[in-house]
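Take a look at the letters that make up each chain.
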Amino acid sequence: MNKKVIVIGGGVAGMSAAHELIERGFEVEVYEKNRTYCGGKARSVDVPHTNKKYKDKFLPGEHGFRFFPGFYKHITDTMMRIPFGDGTVHDNLVQVERVKIARFDKLAIETVLKMPVTQEDWNEFFATSHFGTDLTPDEIKLFTSKIWQLLNSCYERRVNDYERVSWWQFMEADSHSENYRALLVNGLTRTLVAANAKFASTKTGGDIFLQLLLNMFDKKIQADRVLNGPTNDVWLTPWLNHLKENGVDYRPGASCTKLEFENGKITGAWISFDGGTPEKVTGDYYILAVPVEVAAPLMTDDMVEYDMTLDGIRKLADSVAWMNGIQFYLNEDVGVGKGHCIYADTPWALTSISQMQFWGDYDIEKRGNGKVKGILSVDISNWDEPGLPPTNKIASKCESLEEIKEEVWAQLKKSLNVCGTEVLRDDMVEYWHIDADIHPSRAKDHPELLRNEEPLLVNRVHTWALRPEAYTRIENLFLASDYVRTFTDLATMEGANEAARRAVNCIIEVSGEEADECAIWNLHEPDLLENARDHDKKRYDKGLPYKDMKRPLLTLVGQVIGWTIAELKKISGKDTVTKPTED
């Protein structure tokens, strides 16, 4: 008889584990708390009361918009094995060509996402890039030297030294301008890497930033990809159907209330269906694939005493922050940007993407009141900073969703309506939707406050040591979630998928089943710099700090880069930047 695996959690991690297990002949049961949607934070939703024109056609909402960087390998490999039409759901990924950085009272900086290779590439680069950063030469030099240091640092230094230093400290943010902090410290981490620069470790922030940067230099890689439709339509629902068709027993509306532990093993999981009386379910192996704040209460004292690494889960439960989305449904398909837009000066650390340009022939005009033509999907990354004066609202302390919506819209307009242009107008908004995980608190003593049902894990300094492996000392319990130690090392669907693969590989080994292990990929680093990393490893082993290798070739490369930037600024300033005419 096939070995049975109980998977607790039906988000990306749980579905990934089920996918790998069912392909290898295991019996799989998945228990997911959400009654309506699979996929956890990756899901899209039907926005309530927006089916006015056609009964079964709602406007699509999201927890937050999807982003598939070029260095993702695990989740995209899984997508290649999910049928969709005549191909796979991987075919539904489309390349994003540009990124835009919007500023308060300044022209936006917009550029292509690939470094120019051909003449046509250079033409595009000149035509789209505005170099009005106002960064000083010393700030540019500092930033590039820090990136160069990361590229040349050995892995041991990153794990042991840079894990103890925040990205903010490493980039020397306190001693430089607000402009430097907004563009190069906060702007490139809080918004793209989903991390707070003041708290995130340089190990995590640096590794991921390098991956994003290196993707831009690799002409074989699409640096930024998005889905060509709502997430459920073009990915999650086809995935769930594929799992069910291949034998996965997927049970929605099911929450785990207790893991039963005896004699070094899990003897059962107690599951409550739709809030009812818990029932005991059993299997040979158990994969816990729920977020850290949900996993922590399941770690009993007996379990932690048996495996002290599980206490790290309890301690990590506080390392979460809010990062949720809001969608604006507009009666014009506003050209905010041909890709992701970073609002560098916004106190709530906003990013957005205009969806319809990537969604092909999606029937948006048949949804809502029939007037919607565009969707501006916005992520709010900083819920704990005051907003714009005079109200200075803190997002998490707003008294209503309406207050959040008004403040986000104000910050967007201040970023986009600059230099005499009016990109956004109030009369454009037909509907808006904030992630349903944000709702008024049910606490009797604080009914006026908002509550977040699904916060995001934040990679703080000194927390790598708290993060468990996918295996535990409990012989039949395995962990698959974004808090597990992975190469990805970030709270993303890529990290969740990698963690699931690690858990499945452990089950393959302990079960004795003859099955191929799941593929796992490390982050890519340039072979060209291997000697430099080896040099730093020798210094690290001697207890010496990082020191740049002063080689003539590197000096020449630095001079070429400096000259190129100067020329691009000159050409951009004289030939390609056209300021709007003010009335």
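Refer to the preceding data block for the structure.
Along each chain, the written sequence defines residue order, and numbers are assigned to residues from 1. Residues qualify for local features only when their pLDDT is at least 70, as the model is predicted, and side-chain atom pairs are given and counted only at 80 or more; totals for whole chains, interfaces and linings, by contrast, use all residues. Hydrogens and waters are ignored; side-chain quantities use all the structure's heavy atoms.

Draft legend 1. Quick peek at the overall build of the protein chain. By the criteria applied, helices consist of DSSP H or I runs no shorter than four residues and strands consist of E runs no shorter than two, each listed in order from the N terminus. What the protein chain contains, in helices and strands, is 16 helices and 26 strands. Expressed as a percentage of its 583 residues, the buried residues of the protein chain come to 55%. It only takes one pair of heavy atoms within 4.5 Å for two residues to be counted as in contact. Nonlocal contacts in the protein chain, meaning residues at least 24 apart in sequence, comprise 69% of its contacts between residues at least 6 apart. Carbon and sulfur atoms make up 51% of the accessible area of the protein chain, which amounts to about 26100 Å² in all. Remark: exposure states derive from per-residue accessible area (1.4 Å probe, protein chains only) relative to the maximum for the residue type, with buried under 20%, exposed over 50%, and partly exposed in between. The protein chains shown are the only cover counted for residues, whose accessible areas, like all others here, come from Shrake-Rupley with a 1.4 Å probe.

Draft legend 2. Representation of the sheet that holds strand β26 (residues 477–479). Two strands qualify as a pair provided that DSSP identifies no fewer than 2 bridges between them. With respect to topology, five strands assemble into an open sheet ordered β12-β2-β1-β16-β26, the strand pairing being parallel. With partners counted over all chains shown, the strands left at the sheet margins are β12 (249–251) and β26, one partner each. Mean inter-strand twist for the sheet, computed between neighbouring axes without regard to direction, equals 20 degrees. Looking at chain direction, strand β2 (residues 27–31) and β12 are connected through three bridges and run parallel. By the bridge assignment for β12, Val30 is matched with Tyr250. Packing of helix α1 (residues 12–23) onto the sheet brings it into contact with β1 (4–8), β2, β12 and β16 (285–288), and relative to β2 it is tilted by some 170 degrees. A fitted line through C-alpha atoms serves as each axis, taken over the contacting stretch for helices, and the angle formed by two N-to-C directions is quoted from 0 to 180°.

Draft legend 3. Quick peek at the nonpolar core. Within the largest apolar cluster, 86 residues are counted, with the highest numbers of intra-cluster contacts made by Trp235, Leu259, Ile287, Leu288 and Tyr483. Considering every element that reaches this core, the biggest residue donor is helix α14 (residues 493–511), with nine residues. When neighbours within four sequence positions are excluded, Trp235 is seen to be in contact with Val12, Ala42, Arg66, Phe68, Ile75, Met79, Ile82, Val89, Leu227 and Met493. Put simply, a nonpolar core is a bunch of buried Ala, Val, Leu, Ile, Met, Phe, Trp, Tyr and Cys residues held in one set by side-chain atoms that sit within 4.5 Å of each other.

Draft legend 4. Quick peek at the packing of helix α4 (residues 137–152) against helix α8 (residues 202–217). Taken N-terminus to C-terminus, the directions of α4 and α8 make an angle of 100 degrees; their axes are 10 Å apart at the nearest point. If you check the angle between α4 and α8, you find them roughly perpendicular. The residues of α8 that touch α4, namely those facing Phe143, Ile147, Leu150 and Leu151, are Thr202, Gly206, Phe209, Leu210, Leu213 and Leu214. The nonpolar class holds Ala, Val, Leu, Ile, Met, Phe, Trp, Tyr, Cys and Pro. Asp, Glu, Lys and Arg form the charged class, and all remaining residues, Gly among them, are polar. Of the residues assigned to the contact of α4 with α8, the class counts are eight nonpolar, two polar and no charged. For this classification, under 35 degrees means roughly parallel, over 145 means roughly antiparallel, 65 to 115 means roughly perpendicular, and everything else is oblique.

Draft legend 5. Looking closely at the sheet that holds strand β5 (residues 68–69). Taking strand neighbours across the sheet as the criterion, the three strands line up as β5-β11-β8 in an open arrangement whose pairing is antiparallel. The open sheet terminates on both sides in strands that have one partner only, identified here as β5 and β8 (93–95). Bridge count for β8 against strand β11 (residues 224–227) is three bridges, and the pairing is antiparallel. Note on β11: the bridge partner recorded for Leu93 is Leu227.

Draft legend 6. Structural detail: the pattern of salt bridges. By definition here, a salt bridge exists when the distance from a side-chain nitrogen of Lys or Arg to a carboxyl oxygen of Asp or Glu is within 4 Å. Going through the model one piece at a time under the given rule, you end up with 39 salt bridges. The closest approach of N and O atoms between Glu172 and Lys146, which form a salt bridge, is 3.1 Å. Placement of Glu172 in the loop between α6 (167–170) and α7 (178–186) and of Lys146 in helix α4 is noted, with a sequence separation of 26 residues between them. Residue Lys146 is classed as buried on the basis of its relative accessible area of 11%. Between Asp489 and Arg467 there is a salt bridge; the shortest N-O distance is 2.4 Å. Taken together, the residues Asp489 in the loop between β26 and α14 and Arg467 in the loop between β25 (456–457) and β26 connect sequence positions 22 residues apart. This pair shows no difference in class: Asp489 is buried, exactly as Arg467 is. Via salt bridges that share partners, Glu20, Glu23, Arg24, Asp77, Arg81 and Arg501 belong to a single interconnected network.

Draft legend 7. Structural detail: α7. A large share of α7 lies buried, amounting to seven of its nine residues. Among the residues of α7, Asn179, Tyr180, Arg181, Ala182, Leu183, Leu184 and Val185 are the ones counted as buried.

Draft legend 8. Just the pairing of strand β14 (residues 265–273), in detail. Direction of pairing for strand β13 (residues 254–262) relative to β14: antiparallel, over a ladder of eight bridges. Paired with Glu260 across the two strands is Gly268, which belongs to β14. Where β13 hands over to β14, the hairpin turn is made up of two residues, of which Asn263 adopts a positive phi near 50 degrees. As paired elements, β14 and strand β15 (residues 279–281) share three bridges and run antiparallel to each other.

Draft legend 9. The arrangement of the pairing of strand β9 (residues 98–103) in detail. Most of β9 is tucked away: six of the six residues are buried. The alternating pattern of β9 places Arg98, Lys100 and Ala102 and Val99, Ile101 and Arg103 on opposite faces, both of which are buried.

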